[in-house]
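Per-entry structural report
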Amino acid sequence: MSSTQNEKCKGKHFTWSKPMSHMLLEILAEETLKGNKPSSTFKAKSFVKVATEISQKFNVRCEPKHVGNHLKTVKKEWGIITKLKNKSGFGWDDCLKMITVLKDVYDEEVNV
C-alpha cells in the first residue's frame, strides 16, 4: 500500500478529503442528469463510477460502499446546515460557504 493510501485508508474507514467530496458531488450531479437516479437513491453503477474515478485520481482504494456511506454523511450534514440557517438569527455567507450567527444568538443556542 502506498503512503497516500495509508493516509486515506485507516483500517476499514475511508477518509474523504474536500477535493474527493467535491468530485463525488460533481459526478453524482452528472449521474442525476443522465437519469441514473430514478428515485430517492442512485443506481449502483453511479456509486461504482464515483469509486473508480476517485480511486484513479487520488491514488486510493475507494469502494462503492464508501461512496454510499459518504453520501449519507453529506445528506445529514446538509440537513443540519439547512435547519440552522433557517433559524432566527442565523444566516449563510455564500462567499465563505458557512453559517453566520451573532455571538449572543450563538450563546443562547448553545446554552439551551
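On a predicted model such as this, the values are computed, not experimentally measured, just so you know.

1. A short note on the pairing of strand β3 (residues 90-93)
Across four bridges, the pairing between β3 and strand β4 (residues 98-101) is antiparallel. By the bridge assignment for β4, F90 is matched with V101. Counting the residues that bridge the hairpin from β3 to β4 gives four residues, and of these K97 lies at a positive phi of roughly 55 degrees.

2. Considerations on the environment of V50
Relative to the elements of secondary structure, V50 occurs in helix α3 (residues 44-58). Take V50: its relative accessible area is 0%, and that puts it in the buried class. For the pair formed by V50 and L28, sequence separation is 22 residues and the distance between their alpha carbons is 7.6 Å. In contact with V50, not counting residues within four places along its chain, are L24, I27, L28 and V67.

The rules behind the values
- Residues numbered from 1 in each chain as written.
- Predicted model: local features only at pLDDT ≥ 70, side-chain atom pairs only at ≥ 80, totals over all residues.
- Heavy atoms only, no water.
- Pairing = 2+ DSSP bridges.
- Helix = DSSP H or I, 4+ residues; strand = E, 2+ residues; numbered from the N terminus.
- Buried < 20%, exposed > 50% of the residue type's maximum accessible area, 1.4 Å probe, protein only.
- Contact = heavy atoms within 4.5 Å.

Coordinates in, geometry out; function isn't part of it.
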